[in-house]
Amino acid sequence: MLKEKDHETSSIASGSQPHVEFYDPSKESVWTRVGLTWESFKRAPGTTGGQVVAGASNVDDLEKIMADAPMLQQKMKPRHLTMIAVGGSIGTGLFVGSGSALAVGGPAGILIAWLLIGIMLINVTQAIGEISILYPVSGGFYTWAVRFLDPSFAFAMGWNYVFQWAVVLPLEITVAATTVNYWPNNVPFGAWITIFWMAIVVVTVFGTLGFAEEEFWSSCLKLVVVVMFILIGIVCVCGGGPDDGAYNHYIGGSNWQNPGAFANGFKGICAVFVTAAFSFSGTELVGLAASETPNPRSSMPGAVKGTFWRITIIYVTSLTIIGLLLPYTEDRLTAGSGAGASPFVIALDYAKINGLNHLLNVTVCISVLSIGLSCVYAGSRTLTALAETGYAPRIFAYVDKSSRPLWSVVAILLFAPLAYINLAPQGEVIFNWLVALSGLSTLFTWLSICLCHIRFRRAWKVQGHSLDELPFRAFGGVWGSWFGVVLIILVLIAQFYIAIWPVGGMPDSPKKVAEAFFQVYLAFPIVILFYVIGIIWKRALPQRAHQINLDSGRKSWYTAEEMNAWRAERREAPLYIRIYRMMFAY
C-alpha cells in the first residue's frame, strides 16, 4: 500500500513530454560532483527533479510536478538529516553561554528558560515537519512566509535570517579562537581566526555533502561527550569523584539551597531567555535541508521527533547536572572567556578527572566550527531563496553543478573577517554591536514558522482539503503553533523589560541606558525597517486563505482515502514497532 516510486530523471527526459530538461549530475565526474574541478563551478543547467513525488498517480502532469523543484540537488541522506536535527545546534549556547546564564538566572532559572523554549521548539519543529514534507521548497520557511503570510514580512524575515547567520559566523570563529587558548600557546589570536576561517572555507568547497558529513560526525561526537558528561556528573553529585577533587563527597542539591535556586529572581529568569533561544538556534535548519533530501516524507518525521530527545536528554539533563555541580556564584562563569567560562569545563576541572576537561574543550572547539558551517549553510540557502523570489540580486540565485549556491556562499563567507575587529583597541565594542543584530533574530524566525503553519492549516481547510491527506501532522496541531506564538511574544516582552531594567539596576547615564537597550533589542527595529522597505518596494498584500497557492512545490498528492488505508495498515504492526515509530521514526 502506498509504495513511493523514485522516478528516474532519464526516463522522464525521454518520455512523452520532452519539453522539460532535467540535469543528470551522475553524468559528471565524481570530482565535479564533489566540487573539486573547475567544471563544478559552472552553472547547473537545470533542476535534477530528484525529489520523490508521493501519490504520483493522482497528478495529471508528473513531469511538471517534478520540474517544480529546487535547483539544489538532493544529496542529503536520512542519517544526515537526523543528526542535524538531534545534534546540529549543540554548540556555543549550551557549552559556553549556559555559564553566564547560570550566573544570572541560577540553576532553577536556566531550567525554566530552557524548558519553556524547548517545549516551544518541539511545536516549531513539528510544524516544520508538517509543511516541509508537503512543500520541500528552496528557502524553506522563508518561501512559506511569502506564500502563506505576507511577502513584505517574508522579505523582512528572510533578510533578518541572512544577517543573523552572517554576523554569528565571525562570532563563532572568535569563540573557536578563544577556545584554543585554553591550552597555552604562542600563536597570535589573529592567526587562529585565519586558521578557523580557512577550515570553514575548505569544508564549504564540498557543498551540501561536506556540510552534511561534517554535521553528522561532529553531532555524533557532541552527543557522545554530553552523554558521558551526564553520567560522570551523576556520579560526582553522588560523591563518587576522585579523592583529590571537589566531588569526593555527596553534594546532592546543596547548591540549590546555598547560594540558592534563583540568582536574580523573576528578572534573572527573563534575562536568560535569549541565551536559551540562542542555544537552540539552528534547530529550524531541518526545514531548509528538506529541499536537499530526496524523500522528505520518509526522513523528516524521524528528524523532527529527534528534537524532543535532544531537548529532554541533552539540554535539560545536562543543565540540571551543571546546576547541581556548580553554584551560580562561581567566579569563572563570568570572569573567564571561551572554554574558560564553560560550566562543563569548570566542573570537570573541579572534579580533577584528568584528560576529560581537554576532551570537552576539543568538543567545544569542534562544536563552534560546526555552528560556523551552519551559518554558511543557512545564510546562503536563504539568500538564494530571496534571489529566486526577487528580493535579492539575481546573482545570488546561481547554483553550480556541485549544488553550491556559489555567490551566496561567498557572500556569507565574506562576513567572517569581521572577527578581526576583536584585534582593534575598541574592537570588542564594535563587535558587540554587530552581535546585537542577531540577538532576537531566531525568535522572529520561529514566530514566522508558527504563523505559516497556522495560515497553512487555514488555507488547507478553506480550499476543501482534509487533514487526513497530510502525510505528517504536527503533534500539537494548530494549537501547538498558537502556543509558540504566545510564548515568543511573552519572551519578547520579557526581553523588553530586561532591556529597560537590566539585572543589576539601570545605569545612571541615559546614554548607557540607550546603549544597553539597543544591544538587547536592536534586531526589532531592523526587522521593522526591512518590513517597511518590503512594503514600499513590492507593494504586495497578504492573500486571503482561498487565494493561497497550495499546489506549487507540492510533493505529496495522496488522497485522504489512500492515507487512511496506509495508517490502518500500520496500526496492525506489533506494539513494539508502533512505539518505536511513534518515538523515533515515521
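In this report, the structure presented in the accompanying data block is examined. Please read these numbers as outputs of a predicted model, since none were measured by experiment. (Residues numbered from 1 in each chain as written. Predicted model: local features only at pLDDT ≥ 70, side-chain atom pairs only at ≥ 80, totals over all residues. Heavy atoms only, no water.)

1. Here we look at the overall build of the chain
The number of helices and strands found in the chain is 25 helices and 0 strands. Rg of the C-alpha trace for the chain: 24 Å, near the compact-globule value of 25 Å for 586 residues, within the 12% margin. The C-alpha extent of the chain, read off along each of the three principal axes, is 75 × 55 × 45 Å. Evaluated residue by residue, the chain yields a buried proportion of 58% over its 586 residues. (Helix = DSSP H or I, 4+ residues; strand = E, 2+ residues; numbered from the N terminus. Rg over C-alpha atoms; globule rule 2.2 N^0.38 Å. Buried < 20%, exposed > 50% of the residue type's maximum accessible area, 1.4 Å probe, protein only.)

2. Some remarks on helix 20 (residues 441-462)
The end-to-end C-alpha distance of helix 20 is 32 Å, a good match for the 32 Å that 22 residues give at a rise of 1.5 Å each. The element helix 20 is extensively covered by neighbouring structure, given that 17 of its 22 residues are classed as buried. (Expected span 1.5 Å × (residues − 1).)

3. Observations regarding helix 23 (residues 523-538)
In a regular helix each residue adds 1.5 Å, so 16 residues correspond to 22 Å; helix 23 covers 22 Å between its end C-alpha atoms and thus fits that length. Of the positions making up helix 23, those classed as buried are Ala 523, Val 527, Phe 530 and Gly 534. The arc enclosing the buried residues of helix 23, seen along the axis, measures out at 65°, which places them on a common side. Once helix 23 ends, the next one or two residues include Arg 539, with phi positive near 50°. (Arc of directions from axis to C-beta.)

4. Things to note about the packing of helix 5 (residues 92-134) against helix 12 (residues 273-280)
Two numbers describe a pair of packed helices, the interaxial angle and the distance between the axes. Two numbers describe how helix 5 lies on helix 12: the axes approach to 7 Å, and their chain directions differ by 75°. On the basis of their axis angle, the class for helix 5 and helix 12 is roughly perpendicular. From helix 5, Thr 92, Gly 93, Leu 94, Gly 97, Ala 101, Ala 113, Trp 114, Leu 116, Ile 117, Gly 118 and Leu 121 reach across to helix 12, where they touch Phe 273, Thr 275, Ala 276, Ala 277, Phe 278, Ser 279 and Phe 280. Of the residues belonging to the contact of helix 5 with helix 12, the class tally is 12 nonpolar, 6 polar and no charged. (Axes fitted to C-alpha atoms, helices over the stretch in contact; angles between N-to-C directions. Parallel < 35°, antiparallel > 145°, perpendicular 65-115°, else oblique. Contact = heavy atoms within 4.5 Å. Nonpolar A, V, L, I, M, F, W, Y, C, P; charged D, E, K, R; others polar.)

5. Section: the state of the cysteines
Taken as a whole and assessed by the stated rule, the structure comprises 0 disulfides. Between Cys 236, a cysteine without a disulfide, and Cys 238, which holds the nearest cysteine sulfur, the sulfur-to-sulfur distance is 9.4 Å. The exposure class of Cys 236 is buried, given its relative accessible area of 4%. Just so you know, Cys 375 is unpaired, no disulfide at all, and the nearest cysteine sulfur is the one on Cys 365, 15 Å from it. (Disulfide = S-S within 2.5 Å.)

6. A closer look at the packing of aromatic side chains
Each aromatic ring pair is specified by the distance between its two centres and by the angle formed by the two planes. Here the structure, examined in full by the defined rule, presents 29 aromatic pairs. Between Phe 266 and Tyr 497 the ring centres are 6.3 Å apart and the planes differ by 40°, which places this aromatic pair in the tilted class. Here Tyr 497 lies in helix 21 (residues 477-500) and Phe 266 lies in helix 11 (residues 265-271), a separation of 231 residues in the sequence. Judged by relative accessible area, which is 59%, Phe 266 ranks as exposed. Given the relative accessible area of 29%, Tyr 497 is considered partly exposed. For the pair Phe 496 and Tyr 521, a centre-to-centre distance of 5.6 Å together with 80° between the ring planes defines the contact as edge-to-face. Taken together, the positions of Phe 496 in helix 21 and Tyr 521 in helix 22 (residues 510-521) put the pair 25 residues apart, joining distant regions of the chain. In this structure, Arg 297 packs its charged tip against the face of Trp 566, placed 4.8 Å from the ring centre. For the cation-ring pair, Arg 554 lies above Trp 557, with the distance from its terminal atom to the ring centre recorded as 4.1 Å. (Phe/Tyr/Trp six-rings, centres within 6.5 Å; stacked < 30°, edge-to-face > 60°. Lys NZ or Arg CZ within 6 Å of the ring centre and 35° of its normal.)

7. With respect to the packing of helix 5 against helix 21
Close contact between helix 5 and helix 21 brings their axes to 9 Å; oriented N to C, the two are set at 135°. Taken together, the axes of helix 5 and helix 21 lie oblique to each other. Note that helix 5 runs across helix 21; the crossing there is left-handed. Of helix 21, the residues touching helix 5 (which contributes Leu 116, Ile 117, Ile 119, Met 120, Asn 123 and Ala 127) are Gly 480, Ser 481, Phe 483, Gly 484, Leu 487, Ile 488 and Val 491. Each residue belonging to the contact of helix 5 with helix 21 can be placed in one class, and the counts come to 9 nonpolar, 4 polar and no charged. (Left-handed = near helix turned anticlockwise from the far one by under 90°.)

8. Examining a nonpolar patch on the surface
On the surface, Val 30, Trp 31, Leu 36, Val 202 and Phe 206 cluster together to form a nonpolar patch covering roughly 480 Å² of accessible area. The class for Val 30 is partly exposed, based on a relative accessible area of 44%. (Patch = residues over 30% accessible without salt bridge, like charges linked within 9 Å, V, L, I, M, F, W, Y side chains within 5 Å. Areas by Shrake-Rupley, 256 points an atom, 1.4 Å probe, with all protein chains shown as cover. Salt bridge = Lys/Arg side-chain N within 4 Å of Asp/Glu carboxyl O.)

9. Observations regarding the pattern of salt bridges
Counted by the stated rule, this structure contains 11 salt bridges. With a shortest N-O distance of 2.5 Å, Glu 213 and Arg 79 are connected by a salt bridge. In this pair, Glu 213 sits in helix 9 (residues 207-237) while Arg 79 sits in helix 4 (residues 78-87), placing the two residues 134 residues apart along the sequence. Residue Glu 213 is classed as partly exposed on the basis of its relative accessible area of 23%. Judged by its relative accessible area of 33%, Arg 79 falls in the partly exposed class. Between Arg 473 and Asp 468 there is a salt bridge, and its shortest N-O distance comes to 3.2 Å.

10. Thoughts on the side chain of Arg 381
When you line up the elements, Arg 381 lands in helix 17 (residues 356-388). By relative accessible area, which is 5% here, Arg 381 ends up buried. Leave out the neighbours within four places in its chain, and Arg 381 touches Leu 72, Gly 139, Thr 208, Glu 292, Ser 403, Pro 405 and Val 409.

11. Side note on unusual backbone geometry
Looking along the chain, the bond that leaves Asn 258 and enters Pro 259 is cis, with omega of 20°. Relative to the helices and strands, Pro 259 is located in the loop between helix 10 (254-257) and helix 11. One non-glycine residue, Lys 352, lies in the positive phi region at around 60°. Checked against the element boundaries, Lys 352 lands in the loop between helix 16 (343-351) and helix 17. For Lys 352, a relative accessible area of 44% gives the class partly exposed. Phi is positive for Ser 403, close to 70°, though the residue is something other than glycine. We classify Ser 403 as buried; its relative accessible area is 0%.

12. Topic: the environment of Pro 405
Here Pro 405 shows up in the loop between helix 17 and helix 18 (406-413). The class for Pro 405 is buried, based on a relative accessible area of 1%. With 233 residues separating them in the primary sequence, Pro 405 and Glu 172 have C-alpha atoms 22 Å apart. Once residues within four sequence positions are removed from consideration, Pro 405 is found in contact with Leu 72, Ser 380, Arg 381, Thr 384, Tyr 398 and Val 399.

13. With respect to the nonpolar core
Formed by 164 residues in total, the largest nonpolar core has its most connected members in Tyr 135, Leu 325 and Trp 446. Counting residues in each nonpolar core, the second largest holds 9 residues, with Val 20, Val 59, Met 66 and Trp 557 among its members. (Core = buried A, V, L, I, M, F, W, Y, C linked by side-chain atoms within 4.5 Å.)

14. Considerations on the environment of Tyr 247
If you trace the backbone, Tyr 247 turns up in the loop between helix 9 and helix 10. Distance from Tyr 247 to Pro 525, taken between C-alpha atoms, is 48 Å for residues 278 residues apart in sequence. Residues contacting Tyr 247, with those up to four places away along its chain left out, are Cys 236, Gly 239, Gly 240, Gly 241, Leu 325, Leu 326, Ala 347, Tyr 350 and Ala 351.

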